[in-house]
Amino acid sequence: MPPRTCLCGLPAPYQDCCGRLHRGEAAATTAEQLMRSRFSAFGVGDEAYLLRTWHPSARPATVGLDRRVKWVRLEVLETSGGSVVHTEGTVRFRAHYLDRGRPGEMEENSRFVRHEGRWVYAGVA
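Because the structure is a prediction, the values reported are computed rather than measured.

1. What about the sheet that holds strand 2 (residues 88-99)?
Within a beta sheet, neighbouring strands are joined by backbone hydrogen bonds and run either parallel or antiparallel to one another. One open sheet accounts for four strands, arranged 1-2-3-4; its pairing is antiparallel. Sheet topology places strand 1 (69-81) and strand 4 (118-124) at the edges, where each strand pairs with a single neighbour. Within this sheet the neighbouring strands show an average axis-to-axis angle of 35°, counted without direction. Taken strand by strand, helix 2 (residues 31-44) contacts strand 1, strand 2, strand 3 (102-115) and strand 4, and its axis lies near 170° from that of strand 1.

As structure tokens, this is what we get:
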């Protein structure tokens, strides 16, 4: 069952926020929106969306989601480029999780590019 409030940190219901992107009803218009939707996809276990939004040159065969890890909160720390007029951008974020009940966090500066007109994750910047 998907969460009521979107995990991406925006004040919207999941179904109206990242859920639309996960279902293929909309595409991310910015690198930050894609980053947020990918975080939510980790949270709801949507491996298909994660693979679909990964650049083909770096896409793994599987994501290998760990069901013992619960993604609980996202902080977007900084963005560079990645707007509707850019072809690439970066998003630095901090992701908070619970691993078997123990809190943890990871920080990454992700790189995003447009591929065939859509934003995709291209790896760590």
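From this point on, the discussion continues.
2. Considerations on the nonpolar core
Core analysis: the biggest nonpolar cluster contains 22 residues, and L34, M35, F39 and F112 have the highest contact counts within it. Of all the secondary-structure elements, those providing two or more residues to this core are helix 2, helix 3 (47-52), strand 1, strand 2 and strand 4. Counting residues per element, this core draws most heavily on helix 2, which supplies five residues. F39 has contacts with L7, C8, W71, V72, R73, L74, A95 and H96, leaving out every residue within four places of it along the chain. In terms of nonpolar packing, the next biggest core, distinct from the first, is built from five residues, C6, C8, Y14 and C18 among them.

3. Comments concerning the environment of F39
Relative to the assigned elements, F39 resides in helix 2. Note on F39: relative accessible area 3%, which makes it buried. When the C-alpha positions of F39 and R73 are compared, they lie 8.8 Å apart, and in sequence the two are 34 residues distant.

4. Topic: the pairing of strand 4
Strand 4 sits mainly inside the fold: five of its seven residues count as buried. The pairing of strand 3 with strand 4 spans six bridges and is classified as antiparallel. Residue H115 lies in a different strand from strand 4, and its bridge partner there is R118. Where strand 3 hands over to strand 4, the hairpin turn is made up of two residues, of which E116 adopts a positive phi near 55°.

5. Focus on the pattern of salt bridges
Pairing is possible between side chains of opposite charge, provided their charged atoms come close. Applying the stated criterion across every chain yields a total of ten salt bridges. A salt bridge links E78 to R92; the nearest nitrogen and oxygen atoms lie 3.3 Å apart. Taken together, the residues E78 in strand 1 and R92 in strand 2 connect sequence positions 14 residues apart. Looking at E78, the relative accessible area reads 45%, which means it is partly exposed. E105 is paired through a salt bridge with R94; the nearest N and O atoms lie 3.6 Å apart. Taken together, the residues E105 in strand 3 and R94 in strand 2 connect sequence positions eleven residues apart. Because the salt bridges share partners, they merge into one network encompassing R73, E75, E78, R92, R94, E105 and E107.

How each quantity is defined
Residues numbered from 1 in each chain as written. Predicted model: local features only at pLDDT ≥ 70, side-chain atom pairs only at ≥ 80, totals over all residues. Heavy atoms only, no water. Pairing = 2+ DSSP bridges. Helix = DSSP H or I, 4+ residues; strand = E, 2+ residues; numbered from the N terminus. Axes fitted to C-alpha atoms, helices over the stretch in contact; angles between N-to-C directions. Contact = heavy atoms within 4.5 Å. Core = buried A, V, L, I, M, F, W, Y, C linked by side-chain atoms within 4.5 Å. Buried < 20%, exposed > 50% of the residue type's maximum accessible area, 1.4 Å probe, protein only. Salt bridge = Lys/Arg side-chain N within 4 Å of Asp/Glu carboxyl O.

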